[in-house]
Amino acid sequence: MLTLLSMFYYICLRRRSRSGTRGEALTSRRAVESGQRAVLPVSVEVKQYAKEVLDFSSHYGSENSMSYTMWNLAGVPNVYPSSGDFTQTAVFRAYGTWWEQCASAPLPFRRTPNDFYSQDYIELGFEEPVYPTAVEVFETYYPGAIVQILACSHNPLSQNPPTDVRWEVLWSGEPNKAPTPQARQFSPKIKHINFPTNLLRLEVNSSFLDYYTELDAVILRGVKERPMLALYKMPLIDISDLSDSEEELSDIGAPFKQGGDGKHQKTGNGYFDKLPYELIQLILSHLTLPDLCRLAQTCKLLHQHCCDPLQYTQLSLQPYWARLSDASLGHLQSRCTLLQRLNLSWAGNRGALTLTGFSSFMNACGLSLVCLEMSCCHFLNEACVEVISQTCPSLQELNLSSCDRLHPQAFTHISKLTHLRRLVLYRTKIEQTAILSILTFCTELRHLNLGSCVRIEDYDVVASMLAARCRSLCSLDLWRCRNLTDRGLTELVSGCRLLEELDLGWCPTLQSSTGCFQQLARSLPRLRKLFLTANRTICDSDVEELAACCPSLQHLDILGTRLVSLASLKKLLQSCPRLVLLDVSFCSQLDTRVVQELSGLFPKVAIKKSFTQ
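Residues numbered from 1 in each chain as written. Predicted model: local features only at pLDDT ≥ 70, side-chain atom pairs only at ≥ 80, totals over all residues. Heavy atoms only, no water.

By the naming in an unreviewed UniProt entry, the protein chain goes by F-box/LRR-repeat protein 4 and is assigned to Austrofundulus limnaeus.

Given below as structure tokens:
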């Protein structure tokens, strides 16, 4: 068959060569004769940089500036081919595995597919829809984080509402670590698709990297006309997919049961009838969700086992975000009556999930729910949050990270979830009235993330409320809160003495001269993680107080300080034997030679010192 198709394409090319240039004809002829399944040059290739950043899960930067933000990926390169740490690049919030080791990290979900590596994503819109022939990503610092590139059938620049949205994987791979942190142009071989696109999605996993990965620009190459081979694309048949007839399969290994007449009768369930119910359940617990759904279609016995609600006490739908719809939730609804942990992160966008479908599922399955992950769920509105507050009376963990399109009024309903222990509101539009209401009624909070919540007007008032109402708080993330002062910090650490993690990165209103950081060290003896990123006033006395009072310290970030010397860092490293991460990037007194000396003396500590070329 392939030989016949090749002959047909060759004849077409011969005819086309009469009107085209001799060079085009020869190039196309060589492609077919060499047996390549490449796209034929039926039109001129278009090269375009990203026009717009449409959506993303996190970024290192601020919502009110361009430094280290995802918006830097739009347009031509700002940095490439230079290597190093530059503010004009796009940087995600986390790297490495140490984030997952913190007390505030959620427990992993069972049944997560082994080939689902994605931790963050960014979606980019381009000017013209094309059939992709190549995607090029300019990585300027610690490359290797990209694990998947997808294309979408929806035109984000169109005024029409999205209908029948399709996502196709152009390329996927495992997370890795490049040999050097130097800049590179990443252009993997991509799969050809049968629809034009001007919406790309990059998914990343930075767990293998030693520092933040930085991206500078993305190029989409493609042709406007549909490639000829896409019209005649033949499915690839794997020999392992071939099987015998159903009749033959039912005979293989089928046990026999003796009937009342002494004759043997087939049960049709193989040997599974002889296994204890609990053992079958244990075997099925190792299957992924799609495999479980497929197995349910094989026979009545396995259908009964695969639909048992005990198989669905934990459900992570994040790996299937591109295919999830109201119909999907409806199909799972009857199986999830005992559901305790649900992950819907990234799902439901562009009309895939609606209030009706979500409400129906939550009404049927929310009663026993204790954990709900909904990061980047842009279908959420106030009515959806109200449904959560009404149907999940036992909820203890709620993650609304980067739900940045949710109206501020919606957050007032969270205060009805009085058993909350973990609440993530990173990059949301929550306002002061709503957060104070939540803290008034949710007094069992152990973990709170208010990073980049720029609409909270007075963080001193929030800190005062935390000290009064949430004395069991274990972790607090105030990354990039712009108005916390020494008064609020002192009150916070005096009331929340059980704090183990505190992120005060990029909080410019805190000043070491007030003694607030030394008071912090004396008040929090259980401290394990402290981020004081970009606070230029941190000095030796602050570091020495941490060394004296916080022996359990594991992670410390003092990036950007000008006043810390080698002597105080040696005291810290000697006094904190559990320390595994120390970031001293852009600390003017600590050059590369000093970092190398400390790394040699304390080899178990990852001492970070970024560079620029």
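Asks: Teacher, can you tell me more about the overall build of the protein chain here?
Replies: Summing up its helical and strand segments, the protein chain has 17 helices and 23 strands in all. Counting contacts in the protein chain only where the partners sit at least 6 residues apart, residues at least 24 apart contribute 78% of the total. Roughly 28000 Å² of accessible area belongs to the protein chain as shown, and the carbon and sulfur atoms make up 52% of that amount. (Helix = DSSP H or I, 4+ residues; strand = E, 2+ residues; numbered from the N terminus. Contact = heavy atoms within 4.5 Å. Areas by Shrake-Rupley, 256 points an atom, 1.4 Å probe, with all protein chains shown as cover.)

Asks: Quick question: what am I supposed to make of the side chain of T561 here?
Replies: Relative to the helices and strands, T561 is located in the loop between strand 21 (555-557) and helix 16 (566-575). At 3.4 Å, the side chain of T561 forms a polar contact with the backbone nitrogen of L563. Dropping the residues within four chain positions of it, T561 is found in contact with N535, R536, I538, F586, C587 and S588. (Polar contact = N/O pair within 3.5 Å; in protein donor to acceptor, adjacent residues only side chain to side chain.)

Asks: I'm lost on the environment of R482 in this one. Help?
Replies: Examined against the element boundaries, R482 turns out to sit in the loop between strand 18 (475-477) and helix 13 (486-495). According to the relative accessible area criterion, R482 is partly exposed, its value standing at 47%. Along the sequence, R482 and P508 sit 26 residues apart, while their C-alpha atoms lie 6.5 Å from each other. Excluding residues that lie within four positions of it along the chain, R482 makes contacts with W506, P508 and T509. (Buried < 20%, exposed > 50% of the residue type's maximum accessible area, 1.4 Å probe, protein only.)

Asks: Would you mind going over the packing of helix 15 (residues 540-549) against helix 16 with me for this structure?
Replies: When two helices pack together, their arrangement is given by the angle between the helix axes and by the axis-to-axis distance. Relative orientation of the contacting elements helix 15 and helix 16 amounts to 10°, with a least axis distance of 8 Å. By the angle class used here, helix 15 and helix 16 are roughly parallel. By crossing handedness, the relation of helix 15 to helix 16 is classed as left-handed. Across from D540, V543, E544, L546 and A547 in helix 15, the residues of helix 16 making contact are S568, L569, K571, L572 and S575. A per-class count over the contact of helix 15 with helix 16 returns five nonpolar, two polar and three charged. (Axes fitted to C-alpha atoms, helices over the stretch in contact; angles between N-to-C directions. Parallel < 35°, antiparallel > 145°, perpendicular 65-115°, else oblique. Left-handed = near helix turned anticlockwise from the far one by under 90°. Nonpolar A, V, L, I, M, F, W, Y, C, P; charged D, E, K, R; others polar.)

Asks: I would appreciate a short explanation of the packing of helix 8 (residues 326-333) against helix 9 (residues 355-365) in the present structure.
Replies: In contact at an axis separation of 9 Å, helix 8 and helix 9 are set at 15° when each is read in the N-to-C sense. Of the possible angle classes, the one that applies to helix 8 and helix 9 is roughly parallel. With respect to the hand of their crossing, helix 8 and helix 9 are arranged in left-handed fashion. Along the contact surface, helix 8 presents D326, L329, L332 and Q333, while helix 9 presents G357, F358, S360, F361, A364 and C365. Per-class residue counts for the contact of helix 8 with helix 9 are six nonpolar, three polar and one charged.

Asks: It is not clear to me how the pattern of salt bridges should be interpreted in this structure. Could you clarify?
Replies: A complete count under the given rule lists 26 salt bridges for this structure. Notably, a salt bridge pairs R93 with D503, separated by 2.9 Å at the nearest N-O pair. A residue pair is termed long-range when its members are at least 10 positions apart, and R93 in the loop between strand 3 (90-91) and strand 4 (120-141) and D503 in strand 19 (residues 501-503) qualify at 410 residues. D503 matches R93 in its accessibility class, with the two residues each being buried. A cluster of three or more residues bridged by salt bridges with shared partners is formed by E123, R201, E203 and R350. (Salt bridge = Lys/Arg side-chain N within 4 Å of Asp/Glu carboxyl O.)

Asks: Mind showing me how you'd approach a nonpolar patch on the surface here?
Replies: A cluster of nonpolar residues, F272, L275, L279, L282 and I283, forms a patch on the protein surface that exposes about 400 Å² of accessible area. Residue class for F272 comes out partly exposed when judged on its relative accessible area of 33%. (Patch = residues over 30% accessible without salt bridge, like charges linked within 9 Å, V, L, I, M, F, W, Y side chains within 5 Å.)

Asks: Explain unusual backbone geometry here, please?
Replies: Negative phi characterises most residues that are not glycine, and trans characterises most peptide bonds. Following Y80, the chain continues into P81 via a peptide bond in cis, with omega recorded as 15°. Even without glycine at this site, Y68 takes up a positive phi of about 60°. For Y68, the location among the structural elements is in the loop between strand 2 (52-56) and strand 3.

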